[in-house]
Amino acid sequence: MDFEKILQELPAQMRELCGKGRVATYIPALARVPANKFGMTLCRVDGGCYSVGDSEERFSIQSISKVFTLSLAMSRCGEALWRRVGREPSGNRFNSLVQLEYEKGIPRNPFINAGAIVVCDMLLSHLSNPKQNLRDYLRVLSGGFDIDFDEEVARSEAETGFINYALANFLKGHGNLHNDVDEVLDLYFHQCSLALSCSELAQAMTHLASAGVSKRLGEALLTPAEVKRINALMLTCGTYDAVGEFAYRVGLPAKSGVGGGIVAVLPGEYAVAVWSPELDPSGNSLAGGAALEYLTTVTQRSIF
Ligand code: GLN
């Protein structure tokens with residue numbers, strides 16, 4: 001498979017999408033990111049990474065962080081997690097309040113905001129220093145030892161995160177947050193503000209393409225059963241209310257963020273990260289989704 005060649009073709013292929021999506025503006029610090037950025041890195045499980053464009057530039061990973069908080073929660077909190085969060089696609093926007101109301105404070109899945117906020121609450125209860133533990137986990141997974149939170153993005157989210165405050169207070173009202181609302185949201189806003197490049201993100205995802213074993217570290221970070229579950233959740237819940245369309249077009253477990261990043265894995269073969277800040281109406285990167293569709297179409301390889 002000539003991944004090098006395929007990746008080099010992408011920027012030209014994606015150019016026609018420029019201006020057709022919208023950079024997220026509801027978090028003011030994200031609105032300043034240039035719309036025309038495009039980067040992608042693909043790391044094969046048997047070694048070798050291929051990159052194109054702005055693949056070394058760090059961006060706000062936003063909801064992609066939910067894969068890593070879920071991984072930590074699954075390994076530290078066990079089955080208790082699933083008494084407080086579901087495992088079904090939501091069919092609603094990622095920050096929807098409606099569903100949470102009629103399902104009495106149990107979020108549909110760990111990748112919508114409400115579910116990720118409950119995961120944060122569990123990490124606060126189980127980890128000694130959750131912010132640092134999460135940042136260090138990402139540093140180890142990616143090999144980017146100076147990876148950090150973007151404090152400006154975290155502050156910007158806290159100042160404008162009225163809907164997330166509403167979700168957290170609603171969860172608290174239903175007894176599904178055990179810690180203080182402000183503390184939980186501080187962790188949530190910080191996880192979303194983590195800044196990584198495509199090459200760091202692709203590295204950080206490779207163990208999800210190789211049954212939990214990190215090639216770089218030479219050790220198992222998750223069990224094959226945990227990897228199966230995380231990938232299943234990415235496939236069914238990772239791209240919000242566009243998850244069916246995404247599976248139809250791309251055919252890979254994937255997780256997106258409103259910073260314009262998408263990560264995806266083809267188990268046994270590769271992990272990939274793509275970044276392009278303009279989003280489609282569901283909040284997924286427009287060119288990022290198209291690039292992944294191109295990749296699985298020309299290689300004729302997907303999980304299906
Ligand atoms: N920080 C964002 C929010 O809470 C994350 C959403 C996303 O990336 N889809 O609204």
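Refer to the preceding data block for the structure.
Let me sum up the structure you'll find in this document. (Residues numbered from 1 in each chain as written. Predicted model: local features only at pLDDT ≥ 70, side-chain atom pairs only at ≥ 80, totals over all residues. Heavy atoms only, no water.)

Concerning the overall build of the protein chain
If you tally the helices and strands in the protein chain, you get 13 helices and twelve strands. In summary, the protein chain has a C-alpha radius of gyration of 18 Å against a globular reference of 19 Å for 304 residues, a match within 12%. Projecting the C-alpha coordinates of the protein chain onto the three principal axes gives extents of approximately 55 × 40 × 35 Å. When the 304 residues of the protein chain are sorted by exposure, 58% land in the buried category. (Helix = DSSP H or I, 4+ residues; strand = E, 2+ residues; numbered from the N terminus. Rg over C-alpha atoms; globule rule 2.2 N^0.38 Å. Buried < 20%, exposed > 50% of the residue type's maximum accessible area, 1.4 Å probe, protein only.)

Some thoughts on helix H1 (residues 3-14)
In this model, H1 (twelve residues) spans 16 Å end to end at C-alpha, consistent with the 16 Å of a helix rising 1.5 Å per residue. Of the residues making up H1, those classed as buried are Phe3, Ile6, Leu7, Leu10 and Met14. Viewed along the axis of H1, the buried residues span an arc of 95°, placing them on a single side of the element. Of the surrounding elements, those touching the buried residues of H1 are strand S2 (39-44), strand S3 (49-53), strand S11 (270-275) and helix H13 (286-299). (Expected span 1.5 Å × (residues − 1). Arc of directions from axis to C-beta. Contact = heavy atoms within 4.5 Å.)

So, the sheet that holds strand S10 (residues 261-266)
Spatial strand order, S3-S2-S11-S10-S9: five strands in an open sheet with antiparallel pairing. Two strands lie at the open edges of the sheet, namely S3 and strand S9 (254-256), each paired on one side alone. Each strand of the sheet is rotated relative to its neighbour by a mean of 10°, with strand direction disregarded. As judged from the five bridges shared by S2 and S3, these two strands associate in the antiparallel manner. Bridging from a neighbouring strand, Thr41 pairs with Ser51 of S3. Contacting S2, S3, S10 and S11, helix H10 (residues 198-205) crosses the sheet at an angle of about 150° to S11. (Pairing = 2+ DSSP bridges. Axes fitted to C-alpha atoms, helices over the stretch in contact; angles between N-to-C directions.)

A few points about the site of the ligand
Lining the immediate surroundings of the ligand are 13 residues, of which Tyr26, Gln62, Ser63, Tyr188 and Tyr240 lie closest. At 2.5 Å from a nitrogen atom of the ligand is found a side-chain nitrogen or oxygen belonging to Gln62. One nitrogen or oxygen atom from the side chain of Glu157 is found 2.7 Å from a nitrogen atom belonging to the ligand. Looking at the shell around the ligand residue by residue, the classes come out as seven nonpolar, five polar and one charged. (Near = heavy atom within 4 Å. Polar contact = N/O pair within 3.5 Å; in protein donor to acceptor, adjacent residues only side chain to side chain. Nonpolar A, V, L, I, M, F, W, Y, C, P; charged D, E, K, R; others polar.)

Structural notes on the sheet that holds strand S4 (residues 59-60)
Spatially, three strands are ordered S4-S6-S5 in an open sheet, and the strand pairing comes out antiparallel. On the outer flanks of this sheet lie S4 and strand S5 (148-149), each paired with one strand and no other. The sheet contact formed by S4 and strand S6 (residues 194-196) spans two bridges and is antiparallel. Counted as the bridge partner of Ser60 is Ala195 from S6.

Side note on the nonpolar core
Among the nonpolar cores identified, the biggest contains 64 residues, and Phe68, Leu81, Ile117, Leu201, Met205 and Leu208 are the most heavily contacted of them. If you tally residues by element for this core, the top one is helix H5 (residues 113-126), at nine residues. Ignoring sequence-local partners within four residues, the contact set of Met205 consists of Val67, Phe68, Met234, Val263, Val265 and Ala271. (Core = buried A, V, L, I, M, F, W, Y, C linked by side-chain atoms within 4.5 Å.)

Let's talk about the packing of aromatic side chains
The relative placement of two aromatic rings is captured by the distance of their centres and the angle of their planes. Tallied over the entire structure, the rule returns seven aromatic pairs. Plain terms: the ring middles of Phe59 and Trp275 are 4.8 Å apart, the flat faces sit at 5° to each other, and that makes the pair stacked. Of the two residues, Phe59 is situated in strand S4 and Trp275 in strand S11; the sequence distance between them amounts to 216 residues. The exposure class assigned to Phe59 is buried, which follows from its relative accessible area of 5%. On the accessibility criterion, Trp275 (1% relative accessible area) is buried. Taken together, the ring pairs connect Phe3, Tyr50 and Tyr270 into an aromatic cluster. (Phe/Tyr/Trp six-rings, centres within 6.5 Å; stacked < 30°, edge-to-face > 60°.)

Some words on the pairing of S2
Side-chain positions along a regular strand alternate between the two faces of the sheet. With respect to burial, S2 is a largely interior element, five of its six residues being buried. The turn linking S2 back onto S3 is made up of four residues, and Gly47 within it adopts a positive phi angle of 95°. For S2 and S11, the ladder comprises six bridges, and the chain directions are antiparallel. When the sheet's bridge partners are listed, Met40 is paired in S11 with Val274.

Topic: helix H8 (residues 162-173)
The end-to-end C-alpha distance of H8 is 16 Å, a good match for the 16 Å that twelve residues give at a rise of 1.5 Å each. Taken as a whole, H8 has its buried residues at Asn164, Leu167, Ala168 and Leu171. The buried residues of H8 occupy an angular sector of 95° when projected down its axis, which confines them to one face. Across H8 from its buried face, at more than 90 degrees, point the exposed residues Phe162 and Gly173. Immediately downstream of H8, the backbone of Gly175 shows phi near 75°, a positive value.

Geometric values such as these leave the question of function open.
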